[in-house]
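What the coordinates show
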Amino acid sequence: MGAFTSQIIVPETKACTKHTDPKKPNWITIHAVATELSIAEVERLWLRFKQLGCSDKGELSDEAFAQHPVYQDAFSRNIMKKFINLRTKTISFENFLRGLKWCETSNTEDKLRGIFRMLNNGNNLPKDIFRKIIERVYIQPEDKGNIDRVVNTLYQFMDPDNTGTVNEENFLNGCLKLPQPLLEEALNFELLPSHMRQELHNKLPEFSSTGPTPAPRSNVGGSVAGGAIPDDKTLQKIAVKVYNKDWARLANKLDFEFEDIEEFKSQNNDKRSQVYNMLKRWKSREGSLAKSSVLAQALRECRMDDAAALLS
């Protein structure tokens, strides 16, 4: 994850702790604003952070983390190390939030590259190391007999030249050959479970990382009422919001297959145009059922709340 660390670690001069501490009533709200997460998400993760053993200052030292059972898992330990401030040797709550947000909102390619860089410290994966990783996944006794078969099958995807080692590009390309729904499910990470997010959204209209959601309006000047069909101008605005996120996941939510997504990509090199064409195809395919409420729910399930707000 080395190249992605800059998206997680905040310089101390710009950190939330310059303006608050855990004893102040604005601790949660300042972190919510800084990370563009909802109050509900920050509150939930603050509880988890305290369970990991953070100090009264809202920092988690390596010594304290080592006492938690999660530390015994090498993969979890490597993830947490990416959140560490190298000067203080601690993880701040803000960096913890930003790291988990990255895990939730990054696109498929970035997640796969991040995973590869944690498996063997970014080095190529020889077959023996790869086997040890699979052994940690297949922990049930009845699964042990499948390990060699799984390793050999995956190596056919990831080591096409039979070199006996897997580099980052081959790992990425091999994973992308897996069935899209299976890959999406494996990489899915939610700060709040989908059912909880939807329940909060239904009860609290202002539940959004972008602030209060305006009341539904008529379709004037590009705004869209909740049950209306979004116009092309609104779809363009949505494309601008989501093109640099995992829009393939959104396409899956809208019932497009892997082949459809590849078609959108092949038709135009511009990602915004790819997303816009996908949304227009969805609108054309669904006809009178292409309601803004349906699209908004799909966007929220993909953690694209700022784009969903355009449909309010």
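Residues numbered from 1 in each chain as written. Predicted model: local features only at pLDDT ≥ 70, side-chain atom pairs only at ≥ 80, totals over all residues. Heavy atoms only, no water.

1. Side note on unusual backbone geometry
Note the following rule: Helix and strand labels come from DSSP, where a helix needs a run of H or I of at least four residues and a strand needs a run of E of at least two; each type is numbered from the N terminus.
Of note, Glu36 is a non-glycine position whose phi angle comes to about 60 degrees, a positive value. Within the secondary structure layout, Glu36 lies in the loop between α1 (27-35) and α2 (39-52). Positive phi values are uncommon outside glycine, yet Lys89 reaches one of about 60 degrees.

2. Side note on the pattern of salt bridges
Going by this rule: Counted as salt bridges are all cases of a side-chain nitrogen of Lys or Arg within 4 Å of a carboxyl oxygen of Asp or Glu. Think of it in three bands: with a 1.4 Å probe and only protein chains considered, a residue is buried below 20% of the maximum accessible area for its type, exposed above 50%, and partly exposed in between.
For the structure on display, the rule yields 15 salt bridges. A salt bridge links Glu94 to Arg98, with the shortest nitrogen-to-oxygen separation between them at 3.1 Å. Residue Glu94 and its partner Arg98 are both found in helix α5 (residues 93-105); the two are separated by 4 residues, about one turn of the helix. Assessed through its relative accessible area of 23%, Arg98 is described here as partly exposed. Of the charged contacts, one joins Lys283 and Asp232 as a salt bridge, the two residues approaching to 3.1 Å between their closest N and O atoms. Of the two residues, Lys283 sits in helix α15 (residues 271-286) while Asp232 sits in helix α12 (residues 232-242), which places them 51 residues apart along the sequence. Accessibility expressed as a relative area gives 22% for Lys283, which makes it partly exposed. Overlapping salt bridges, with partners in common, bring together Glu109, Arg113, Arg117, Glu168 and Glu169 in one network.

3. Considerations on the confidence of the model for the protein chain
The following threshold applies: The predictor's confidence in any single residue is recorded as pLDDT, a number from 0 to 100. Whether two residues touch is decided by their heavy atoms; if any such pair falls within 4.5 Å, the residues are in contact.
Put simply, the protein chain has an average pLDDT of 82, and 85% of its residues get 70 or more. Counting interchain partners and residues more than four positions distant, the pLDDT-below-50 stretch residues 205-225 has 41 contacts.

4. Here we look at the environment of Ala32
When you line up the elements, Ala32 lands in helix α1. As for Ala32 and Val42, which are separated by 10 residues in sequence, their C-alpha atoms are 6.1 Å apart. Excluding residues within four positions of it along the chain, Ala32 makes contact with Leu37, Ser38, Ile39 and Val42.

5. Some remarks on helix α4 (residues 74-81)
Inspection of α4 places Asn78, Ile79 and Met80 among the buried residues, and these make up the whole buried set. Contacts made by the buried residues of α4 are with α2, β1 (59-61), α3 (62-65), β2 (90-92), α5 and α6 (108-119).

6. Side note on the packing of helix α14 (residues 258-267) against α15
Applicable threshold: In this analysis, axes come from line fits to C-alpha atoms, helices being fitted only over the stretch in contact, and the angle between any two N-to-C directions falls in the range 0 to 180 degrees. An angle counts as roughly parallel when it lies under 35 degrees, as roughly antiparallel when it exceeds 145, as roughly perpendicular when it falls between 65 and 115, and as oblique in every other case. Helix crossings fall into two classes, left-handed where the near helix is turned counterclockwise from the far one by less than a right angle and right-handed where it is turned clockwise. Charged residues are taken to be Asp, Glu, Lys and Arg, nonpolar residues to be Ala, Val, Leu, Ile, Met, Phe, Trp, Tyr, Cys and Pro, and polar residues to be all remaining types, Gly included.
In the contact formed by α14 and α15, the axes pass within 9 Å of each other and the chain directions differ by 130 degrees. Between α14 and α15, the angle falls in the class oblique. When the axes of α14 and α15 are compared, the crossing they make is right-handed. Contact residues: α14 offers Glu263, Phe264, Lys265 and Gln267, while α15 offers Gln274, Asn277, Met278 and Arg281. The residue inventory of the contact of α14 with α15, partitioned by class, reads 2 nonpolar, 3 polar and 3 charged.

7. Side note on α6
Convention followed: How far a helix is expected to stretch is found by multiplying one less than its residue total by 1.5 Å. Counting of polar contacts relies on pairs of N or O atoms within 3.5 Å, with two restrictions inside protein: one atom must be capable of donating a hydrogen and the other of accepting it, and residues adjacent in sequence are counted only when both atoms are side-chain atoms.
For α6, spanning 12 residues, the distance from its first C-alpha to its last is 17 Å, which sits close to the expected 16 Å at 1.5 Å a residue. Among all positions of α6, only Thr108, Lys111, Leu112, Arg113, Gly114, Phe116, Arg117 and Met118 are buried. Buried positions along α6 lie against α4, α5, β3 (125-126), β4 (165-166), α9 (168-176) and α10 (180-187). Its side-chain oxygen placed 3.3 Å from the backbone nitrogen of Glu109, Asn107 serves as the N-cap of α6. Just downstream of α6, Asn121 is the residue with a positive phi angle, here 55 degrees.

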